[in-house]
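Notes for the structure review
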4 protein chains.
Amino acid sequence: MLFERIESKGLAHYSYLIGNGGQAVVIDPRRDCDIYVEKALRSGHRITHILETHRNEDYLIGSVALASRTGATIWHADAQWDYRYGQPVEDGQTWDVGPLQLEAIHSPGHTPGMMSYLLRDRGGAPWMVFTGDSLFAGDVGRMDLLGEDRMEEMAGQMYETLFEKLLPLGDEVIVCPAHGPGSVCGSAIADRAWTTIGLERKHNPELQFDDKETFVANVAQMLDRPPYFRRMEKGNLEGASLPNGLLAPQALSPTEFIRQAEKAMVLDTRMELGFGAAHVPTAISIWEDGVSSFAGWFLPYDRSILLVSDRDDPTQIMRYLVRLGYDDVAGYLGGGMLSWHKAGKISHSIGTITVHNLCDRLDAGEDFHILDVRSDEELETQGEIPTAQHIHVVDLPTRMDEVPRGRRTYIFCGSGVRSMMAASLLERQGYTDLFVILGGVAGWNSTACPIS
Amino acid sequence: MLFERIESKGLAHYSYLIGNGGQAVVIDPRRDCDIYVEKALRSGHRITHILETHRNEDYLIGSVALASRTGATIWHADAQWDYRYGQPVEDGQTWDVGPLQLEAIHSPGHTPGMMSYLLRDRGGAPWMVFTGDSLFAGDVGRMDLLGEDRMEEMAGQMYETLFEKLLPLGDEVIVCPAHGPGSVCGSAIADRAWTTIGLERKHNPELQFDDKETFVANVAQMLDRPPYFRRMEKGNLEGASLPNGLLAPQALSPTEFIRQAEKAMVLDTRMELGFGAAHVPTAISIWEDGVSSFAGWFLPYDRSILLVSDRDDPTQIMRYLVRLGYDDVAGYLGGGMLSWHKAGKISHSIGTITVHNLCDRLDAGEDFHILDVRSDEELETQGEIPTAQHIHVVDLPTRMDEVPRGRRTYIFCGSGVRSMMAASLLERQGYTDLFVILGGVAGWNSTACPIS
Amino acid sequence: MLFERIESKGLAHYSYLIGNGGQAVVIDPRRDCDIYVEKALRSGHRITHILETHRNEDYLIGSVALASRTGATIWHADAQWDYRYGQPVEDGQTWDVGPLQLEAIHSPGHTPGMMSYLLRDRGGAPWMVFTGDSLFAGDVGRMDLLGEDRMEEMAGQMYETLFEKLLPLGDEVIVCPAHGPGSVCGSAIADRAWTTIGLERKHNPELQFDDKETFVANVAQMLDRPPYFRRMEKGNLEGASLPNGLLAPQALSPTEFIRQAEKAMVLDTRMELGFGAAHVPTAISIWEDGVSSFAGWFLPYDRSILLVSDRDDPTQIMRYLVRLGYDDVAGYLGGGMLSWHKAGKISHSIGTITVHNLCDRLDAGEDFHILDVRSDEELETQGEIPTAQHIHVVDLPTRMDEVPRGRRTYIFCGSGVRSMMAASLLERQGYTDLFVILGGVAGWNSTACPIS
Amino acid sequence: MLFERIESKGLAHYSYLIGNGGQAVVIDPRRDCDIYVEKALRSGHRITHILETHRNEDYLIGSVALASRTGATIWHADAQWDYRYGQPVEDGQTWDVGPLQLEAIHSPGHTPGMMSYLLRDRGGAPWMVFTGDSLFAGDVGRMDLLGEDRMEEMAGQMYETLFEKLLPLGDEVIVCPAHGPGSVCGSAIADRAWTTIGLERKHNPELQFDDKETFVANVAQMLDRPPYFRRMEKGNLEGASLPNGLLAPQALSPTEFIRQAEKAMVLDTRMELGFGAAHVPTAISIWEDGVSSFAGWFLPYDRSILLVSDRDDPTQIMRYLVRLGYDDVAGYLGGGMLSWHKAGKISHSIGTITVHNLCDRLDAGEDFHILDVRSDEELETQGEIPTAQHIHVVDLPTRMDEVPRGRRTYIFCGSGVRSMMAASLLERQGYTDLFVILGGVAGWNSTACPIS
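The model shown is predicted, which means the values in this text are computed figures rather than measured ones.

**Let's talk about the packing of aromatic side chains**
Per the counting criterion, the structure on display carries 69 aromatic pairs over all chains. Here D:Phe257 and D:Trp340 contribute two aromatic rings whose centre-to-centre distance is 6.0 Å and whose plane-to-plane angle is 85°, an arrangement assigned as edge-to-face. Pair noted here: D:Phe257 is in helix H7 (residues 254–261) and D:Trp340 is in helix H11 (residues 336–342), with a separation of 83 residues, a long-range link. You'll find D:Phe257 and D:Trp340 in the same group, each marked buried. Taken together, the ring pairs connect A:Phe3, A:Tyr16, A:Phe130, A:Trp194, C:Phe3, C:Tyr16, C:Phe130 and C:Trp194 into an aromatic cluster.

Here's what the structure looks like:
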């Protein structure tokens, strides 16, 4: 039997490849779909079906790209919407995979037409369920995607999905969700690689409510909604083919980079230290592992992208971008920042400061402003910083006017990497005298100096 | 400086990537062109020009595929012909690559418009010359491609190219040809990885003639001409784009394989022993390393191809086929011959026999026929087999009627792998009682038993 | 959190790497232990503890090799035995891995001192249990390792381990055993990649007995016991360091291969077809994927090993051998069988025949003997072959005298690969006129011709 | 034929693997010798001889390590010295490699007993010569290794080697030296990948002298001599086995890193920008590609090494260190500087400044000191900086007292990476107010602001 969970880091997305008897099914493939084809090939399986659990909003699904390479049939959940490709799934529909069987279970709550897929031996008891964005390890899917008006309705459906359909499958059943920790599709997904119905029944905080009203009242909430979600939703209805596969970008000389940068966005994926020390003017800082989570908030879709990175080969960054629909990467800075400076090009810098030095400065009575760019949730669990202004980094583009100009500003996040992201956004709008706190709140809490 | 020779095994084809100062040029790229893009990317170079030495006839050139990934400009030699893409090179034209310079030298003989490219420091003495199919290590390009009528004319041009243009460049100049040993573009290319003008002047047997007449009289000869050459020539004028890159094939179950085999050719790339023991009926045997050299002789272009191989991943075989324009590989036998036999499918076998056993049989006075499928050249250098019928394996499709039916036939080649290829062709036409001699003439010569 | 299950194919062995907060633990490492070091390194964890579930008998454990690379502490289960390295685990002992905790649970039955390890958040409910060779997916560990005398006693302990210690952990707990399907440590491990206490409680046939007596009476049985088990047990008490890591073997010319073969065993890992067509005299056939399971039955430990394979690089085969303690691989046949035959060396062949041809021969009234080398268990589930002599392939060395000499013998197994293994053993003892049935019983059952 | 040139980056070292007919020879292997074994294995060759061109002084030769994996015989040049392993080569000695032959040519000048090896067909004319450290592309080997007293004598020998032994081999002969551009073994090796006797005769500036006196007078010069040379020379006489191969290092938490750093050296291989922004106090900065060239100048051999890097896997850095005899890498900072700051550990910073900002500061009349750490040779070819103090970075440890304390100091090199290396050395000795000029002299020269 072939069973593989493929993780797309950053998106915290899980897709699944299940095969038996020479035939295989992929659930929720990602767009750079070579991995499924290769794994099927090596194990002698033919991919015949692609099952989607729902119309995704946080990444472009690879169904069309994978179907064009394999001839597999695409099956849609959320069939109430208008797809340009594939076929609709019906509640209770089954697919045979050799001696195994997958069965669709209508599981609304995150989206109205979400499907879970139950895996069992044909005629036998269930042993796994692919829950998409309904049930996660330690969390449930967000219920706010149709807007605040319909959130209560969706939460009611989610309650029924969870308590009347999924939990009754049995404590022993293994739960295979579409996301792991870090996803924007659930607020607090636990850092557990594998889970079961019973582990969730006992440990998942969202499953500890006795009745529907309490569940709806306590669990449903409006979460941040990246601007790119609409784009993904649209792309997932139209089908996001990838006609040329992943194209390696071209190296650009500093001079050519500058020429192309007039019309493009510059994305710098180095860590906060290198970016702080020197970066191409106008560059946005998103450290490499953060690209999947944050590019959709800050990068427009109507401009090409130029990359600055530490890597010899930025192909991995291209993967992250392609999963979000950013297909037009015009090139990267050949030779990195070293070649930039050797060519005598102007770079900018943003200050970085350790918590110890900050302590000293604060003790010296310096005038300052503190900007905290962590999420609401982090503030709740990690504690607030007294005197700090709080704007979650993803809200910065729309709330930037609230940040005072002309004052020295110390920026905090959990570790420093998002602070640099925020600083790069502020710098693009003319802010100066910005300092990123290295180690962020984590570093601060490891030392003795209190902010008061 | 970036200087890479990329070898395409089987084709014995050399292409070159030369870069300096952030800019790079590729000479004679192959069609699966990812390697140039990756090497340029890792070293921070941008590929801006693609230079062709001539219109190739033995493989599809990757100029269009590479240009579509890089935006590079394509430059044609043989500009007298009608290309659908790219721009013509003129004799003496130069290209700058940072401080380096490439200069075109008209070098007719193999084709009328062949160009060599001389590499030097701008304003300095030459240090390398890319000779395409004019001068090889130990050989010169074949002069028979325009037909017997014009062979003498072409040989005269080749003489002038060699003696009046290339040799005068200086003994110290490094020679970078388009082919290494094993190519069908020269008859006797030496097994030397690197060579120079001076090494060729001294050692190349074709350069030991004093005057043009002797050269023409002795060097020009008609060589085997695979039927796919015409296809390659046509493709190389039209441009052989590869819109989807290399697609991994699908695994097929034995039953599905049989269904698809009705309209497809079955290509089995295992070694002679496995093929002899059991193979899918109608399969053609071409061992993996021989695909580049022999597929063009035996596989039609109007049918899809099904693969049988020992590999988990037949992608390498796909590369070989795509270089020859066989883009339609419909799938491969998942699980290999083991799954075939477990499914109870019928297989055929072809006898294999060691030279020792053959010896015993011959001594016993058995009646038999011997078929020798080596090339003329091999017969000359290795010696003939008395009493054997000689048909070069590539001529077998057109001369098969000459092979007697109804007699036990022992087949010889150099080692046994081409004998099995021949046997598979004969079997498809109804021949039976065929035996492949393991080790072939090499094995025979290592033992004491004489054929008399 | 770092959680990785590392599978050693062939052995069907699972080891586990669990990390959190920069610290990691490995459970039951394999001997070629580079994979743990690399995975820990890439995720920024330091391996500090190595936990053994029991003294293994089916492979050499990599604790000493891994400790020498990491400085980790080794903890032994089965501490009643006399180890030359490491420290004993006590029932109830705990280890912290960041916020996680592992707790030892005495789990006798397979061995007297086996330990399971329970994983939970410190102070929280369990979420995973590493069961070693006590509980598998669909099976339980064998209880016959201390001999028939003590089997009943061990089975009683196993009952208590399963019903009183493991099942009460809760249906929802994920079960991580030391073996997957194909292991010699359980007779019928299911082909399920992941399982839970509840899935086993419901589906595992060995857990369907109501009381201890019935369990003992029905579940305990003597299984085949490879001769190398003693060697592994001894090695696992002494510690199997691997001072030079994995050494790549040397290519040998046919002449040198013959010279070294005088004192060595020749192991040919090609598939049954290639081996049948031609092989080095005296070679034993074990197809590559069978090496882990069968080398221990047939290869002595006091002679070096020479390899024949289809691979360019036999390093993967070396891994399989090193895991079983075969460290002395003297070389491999450079250029494979093709170079052997080109050098005119003598090879042997063993007949292969499809079920269709066998059918025809049987119909023709040929005199013959049938040898069936499948296991008892396969006979039960797949059915017997009328008139066949049955000797499980692993018993062939000790029961070979029972096979009649001088008669044409057709050999059956499930698919053909073990039949060729059996044929190679028989051939070494002078048997002739042997035929391997391609596809074996699977092929036979796919066709219409009955053996009667 | 097997012919591979293996390049060890950083050392700019070339070794060679030559094989034919199943037998192979390695010339000047490096210490992490797995690459030769693997390449021989894949091409079916057995490594039987290891030839050294001379006793190396710039890296530890891998002869003993390679011989222990292959059983090959080691042959020493410089046999006048006292080796603890291997056998001495004699002038004119030959080795057969299938149909090829290697012949030793005594080639003193760099060392007294250096040997070149001439490759030809047995009985034929030469086609390649492996020149070790005598003749390079565009340079000749340094002649100062025996000290100033004997430099003239060695230069005389070098003249005879070059003009009486190597040049007469013929313009067409391909030259395979032991080093490419960037080596410390020649001062000005050209950036040409391949060369010939004739190209050197015409273009090599050191070969343009008419007689021995002029050659000696003009070519011989004392060059920088890293302190580790003595260590390498000693190691190369004793034999530098590598009993455990390359061991992957362990991740260390910040706290553990600090504990171990008390007795170890901290080597930070990030680029200048990240190091400047924040680094572990006491760390030495050597950017990754500079480790091979500079570690030997600054790292002691009697302390273990701790690594800080941007890489997930620092194994490549380990390779560089092992080639120089630094076998004791105690670990690396798990999670990099981000984990350091999150743990609230103190870091230091060193200022970086663009040439534009420097310009502005200088225009503002700031008091400052300029330190130029380029080599003498760079000053000659690139021009001096007026008012700058010049100390080559490798001389800084012995000449640090000359650098004034208490003044703002701007540090220049070619690009900035060596300036940061210098700054880290100064910082360790208590210097403050240091600024590294980004882009260095290259950047300066690309802009309009003159230093005056």
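Picking up where we left off.
**So, the relation of the copies chain B and chain C**
Note on the identical chains: chain B maps onto chain C by a rotation of 180° and an axial translation of 0.1 Å, with an RMSD of 0.0 Å. When the rotation and shift are considered jointly, the pair of chain copies conforms to a two-fold rotation axis. No C-alpha of chain B approaches the rotation axis more nearly than that of B:Gly274, which lies at 2.1 Å. When the interface residues of chain B are mapped onto chain C, 100% of them are again interface residues, pointing to one common binding face.

**Details of the interface of chain D and chain A**
Listed by partner, the interface residues are 28 residues for chain D and 28 residues for chain A. Buried area between chain D and chain A, summed over both chains or domains, comes out near 2000 Å², and the portion from carbon and sulfur atoms is 68%. Summed over the shared surface of chain D and chain A, the number is zero salt bridges. Scanning the region where chain D abuts chain A turns up six residue pairs in polar contact (both at pLDDT 80 or more). Elements represented by at least two residues in the side of chain D that touches chain A include exactly helix H8 (272–277), H11 and helix H16 (440–445) of chain D. Each residue belonging to the side of chain D that touches chain A can be placed in one class, and the counts come to 11 nonpolar, 12 polar and five charged.

**Re the pairing of strand S2 (residues 13–20) of chain D**
All names here are of chain D. Counting buried residues along S2, eight of its eight residues qualify, which places the element largely inside the surrounding structure. Going residue by residue along S2, you find His13, Ser15, Leu17 and Gly19 tucked away on one face and Tyr14, Tyr16, Ile18 and Asn20 tucked away on the opposite face as well. Of the pairings in the sheet, the one linking strand S1 (residues 2–8) to S2 comprises seven bridges and is antiparallel in character. For Glu4, the partnering residue across the bridge sits in S2 and is Leu17.

**A word on the nonpolar core**
Within the largest apolar cluster, 372 residues are counted, with the highest numbers of intra-cluster contacts made by A:Leu321, B:Leu321, C:Leu321 and D:Leu321. Those residues in contact with A:Leu321, other than ones at most four positions away along the chain, are A:Leu267, A:Val291, A:Ala295, A:Leu299, A:Ile305, A:Leu307, A:Tyr326 and A:Val329. Counting residues in each nonpolar core, the second largest holds 52 residues, with B:Ala193, B:Trp194, D:Tyr14 and D:Trp194 among its members.

**Concerning the interface of chain B and chain C**
At the junction of the two partners, chain B supplies 28 residues and chain C supplies 28 residues. For the pair chain B and chain C, the summed buried surface comes to about 2000 Å²; carbon and sulfur atoms form 68% of the total. In this assembly, chain B and chain C are joined by zero salt bridges. Our count for the contact surface shared by chain B and chain C stands at six residue pairs in polar contact (both at pLDDT 80 or more).

**What to know about the relation of the copies chain D and chain A**
Mapping chain D onto chain A calls for a screw motion: a turn of 180° about the axis and a shift of 0.0 Å along it, with 0.1 Å RMSD after fitting. Same-surface contact between copies: 100% of interface residues of chain D are shared with the interface of chain A.

**Details of the environment of C:Val403**
Residues and elements named next belong to chain C. Checked against the element boundaries, Val403 lands in the loop between helix H14 (396–399) and strand S23 (409–412). Between the C-alpha atom of Val403 and that of Phe215, which follows or precedes it by 188 residues, the distance is 37 Å. Not counting the four nearest positions on each side in its chain, Val403 is found in contact with Leu371, Gln389, Ile391, Leu396, Leu426 and Tyr431.

**Structural notes on the sheet that holds strand S24 (residues 434–437) of chain C**
All names here are of chain C. Ordered by their spatial adjacency, five strands build an open sheet running S20-S24-S23-S21-S22, and the pairing between neighbours is parallel. For this open sheet the edge positions go to strand S20 (351–353) and strand S22 (389–390), each flanked by a neighbour on one side alone. Sheet analysis places strand S21 (residues 369–372) next to S23, joined by four bridges and oriented parallel. By the bridge assignment for S23, Ile370 is matched with Tyr410. The strands touched by helix H15 (residues 417–428) are S20, S21, S23 and S24; relative to S24, the strand with the most contacts, the crossing angle is about 170°.

**So, the confidence of the model for chain A**
The predicted model of chain A averages 93 in pLDDT, with 98% of residues at 70 or higher. Reported for the predicted complex are a pTM of 0.91 and an ipTM of 0.92.

**Things to note about the sheet that holds strand S14 (residues 195–196) of chain A**
Residue and element names in this part refer to chain A. Taken together, six strands build an open sheet; the order of strands is S7-S8-S9-S10-S13-S14 and the sheet is mixed. Every other strand in the sheet has two partners, leaving strand S7 (94–97) and S14 as the edge strands with one partner each. Note that strand S10 (residues 126–132) and strand S13 (residues 174–177) share four bridges and pair parallel. The partner of Gly132 across the bridge, within S13, is Pro177.

**As for the packing of helix H1 (residues 34–42) of chain D against helix H2 (residues 63–70) of chain D**
All names here are of chain D. Two elements in contact, H1 and H2, have axes whose closest approach is 9 Å; the angle formed by their N-to-C orientations is 40°. Between H1 and H2, the angle is such that the two are oblique. The crossing of H1 and H2 is right-handed. For the pair H1 and H2, contact is made by Asp34, Tyr36 and Val37 and by Leu66, Arg69 and Thr70, respectively.

**Comments concerning the environment of B:Ile258**
Residues and elements named next belong to chain B. Mapped onto the fold, Ile258 is located in helix H7 (residues 254–261). Here the alpha-carbon distance between Ile258 and Ser15, two residues 243 residues apart in the chain, equals 39 Å. If near-sequence neighbours (up to four positions away) are discounted, Ile258 is found in contact with Trp340 and Lys345.

Cut-offs used in this document
- Residues numbered from 1 in each chain as written.
- Chains lettered and ligands numbered in written order.
- Predicted model: local features only at pLDDT ≥ 70, side-chain atom pairs only at ≥ 80, totals over all residues.
- Heavy atoms only, no water.
- Phe/Tyr/Trp six-rings, centres within 6.5 Å; stacked < 30°, edge-to-face > 60°.
- Helix = DSSP H or I, 4+ residues; strand = E, 2+ residues; numbered from the N terminus.
- Buried < 20%, exposed > 50% of the residue type's maximum accessible area, 1.4 Å probe, protein only.
- Least-squares fit on C-alpha atoms with pLDDT ≥ 70 in both.
- Contact = heavy atoms within 4.5 Å.
- Buried area = accessible area lost by both parts, 1.4 Å probe.
- Salt bridge = Lys/Arg side-chain N within 4 Å of Asp/Glu carboxyl O.
- Polar contact = N/O pair within 3.5 Å; in protein donor to acceptor, adjacent residues only side chain to side chain.
- Nonpolar A, V, L, I, M, F, W, Y, C, P; charged D, E, K, R; others polar.
- Pairing = 2+ DSSP bridges.
- Core = buried A, V, L, I, M, F, W, Y, C linked by side-chain atoms within 4.5 Å.
- Axes fitted to C-alpha atoms, helices over the stretch in contact; angles between N-to-C directions.
- pLDDT = per-residue confidence, 0-100.
- Parallel < 35°, antiparallel > 145°, perpendicular 65-115°, else oblique.
- Left-handed = near helix turned anticlockwise from the far one by under 90°.

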